[in-house]
Amino acid sequence: MEELAAAAGITPRTLRFYRERGLIPPPRREGRIAWYGPHHLARLRTIAALLERGHTLNGIADLAAAFESGRDVGEVLGLNEPTEEEPVRLHPEQLADFFGDQATAENLGAALDLGYLATDGEDLIHVSRRLLDVSASLVKEGVPLSAVLAAAHEVRAHADALATLFTDLLHAHVRDEDPTRLRPLAKSVVEAELSMALDRRLRERGSGSGSGGSSA
């Protein structure tokens with residue numbers, strides 16, 4: 001316990017308190033020896049990151065209880081609704097394979113807060129393989145992971161607004177027992193508009209950078 005507390009930057013008393021609250025799973029015991037592993041340290045770093053972001057211990061305890069009460073991970077993540085996204089199960093150490101030294105406690109907390117990540121026992125669950133791959137690619141291109149996650153908050157807000165628009169449109173004008181059948185139509189409109197918007201913005205950036213030169 002003392003070694004784990006030191007690695008996490010907390011006191012043994014705080015660690016004992018977390019154990020009593022059910023915030024971390026119990027250690028593996030061999031006789032009178034209690035063994036803690038990397039998943040315990042990852043959980044403590046997650047707790048620290050969530051506390052820094054303003055979450056309360058009661059809220060964190062409720063979240064931990066939800067994931068460890070036997071509920072289906074898809075239910076906790078809201079994936080029982082129609083979706084094309086494939087969740088990915090990861091060991092905490094595997095995040096470094098995707099994000100290198102940017103797999104920090106702060107970024108982990110931001111991803112948990114956003115809903116990209118959830119815990120399931122000793123593992124982490126990423127809500128979408130597609131989003132995981134895109135995030136990793138952006139980081140490899142030089143975009144800080146913190147900036148990727150901040151942008152994701154903005155994208156989430158716009159995506160929710162678009163989903164509300166199309167849902168209201170379909171409910172108002174389409175009488176169908178299975179409105180999810182029309183999801184591809186909404187996706188096609190958004191993809192086409194985003195493609196054209198990107199073309200416009202990239203042209204504007206290109207023309208702006210080309211007009212700043214001087215002639216000799």
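Structure: above.
Since the model is a prediction, treat every value here as computed from it, not as a measurement. (Residues numbered from 1 in each chain as written. Predicted model: local features only at pLDDT ≥ 70, side-chain atom pairs only at ≥ 80, totals over all residues. Heavy atoms only, no water.)

(A) Up close: a nonpolar patch on the surface. A surface patch of nonpolar side chains, about 310 Å² in accessible area, is lined by Leu-194, Leu-198 and Leu-202. Within the secondary structure layout, Leu-202 lies in helix 10 (residues 183–210). (Patch = residues over 30% accessible without salt bridge, like charges linked within 9 Å, V, L, I, M, F, W, Y side chains within 5 Å. Areas by Shrake-Rupley, 256 points an atom, 1.4 Å probe, with all protein chains shown as cover. Salt bridge = Lys/Arg side-chain N within 4 Å of Asp/Glu carboxyl O. Helix = DSSP H or I, 4+ residues; strand = E, 2+ residues; numbered from the N terminus.)

(B) Quick peek at the environment of Ala-42. Mapping Ala-42 onto the fold places it in helix 3 (residues 38–52). Placed 81 residues apart in sequence, Ala-42 and Asp-123 show a C-alpha to C-alpha distance of 9.7 Å. Filtering out sequence-adjacent residues up to four positions away, Ala-42 remains in contact with Pro-92 and Leu-108. (Contact = heavy atoms within 4.5 Å.)

(C) Seen up close, the layout of surface pockets. Approximately 250 Å³ is the volume attributed to the second largest pocket. Lining the second largest pocket are Pro-38, Leu-41, Ala-42, Arg-45, Pro-92, Glu-93, Leu-95, Ala-96, Ala-103, Thr-104, Ala-105 and Leu-108. Those elements that provide at least two residues to the lining of the second largest pocket are helix 3, helix 6 (95–99) and helix 7 (105–114). Tallying contributions element by element places helix 3 first for the lining of the second largest pocket, with four residues. Its residues placed into classes, the lining of the second largest pocket shows nine nonpolar, one polar and two charged. (1 Å grid on protein atoms, 1.4 Å probe; cavity = no way out; pocket = protein on both sides within 12 Å on 5 of 7 lines; lining within 4 Å. Points joined across faces, edges and corners; volume = space filled by probe spheres on them. Nonpolar A, V, L, I, M, F, W, Y, C, P; charged D, E, K, R; others polar.)

(D) Region of the structure containing the environment of Gly-109. With respect to the element layout, Gly-109 can be found in helix 7. For the pair Gly-109 and Arg-45, spaced 64 residues apart in the sequence, the C-alpha separation amounts to 8.5 Å.

(E) Geometry of the sheet that holds strand 3 (residues 88–90). Read across the sheet, three strands follow the order 3-5-4 without closing on themselves; strand pairing throughout is antiparallel. The open sheet has two edge strands, strand 3 and strand 4 (117–120), and neither has a second partner. If you compare each strand with its neighbour and ignore which way they point, the axes differ by 30° on average. Across four bridges, the pairing between strand 4 and strand 5 (residues 123–126) is antiparallel. Note that in strand 5 the partner of Leu-117 across the bridge is His-126. (Pairing = 2+ DSSP bridges. Axes fitted to C-alpha atoms, helices over the stretch in contact; angles between N-to-C directions.)

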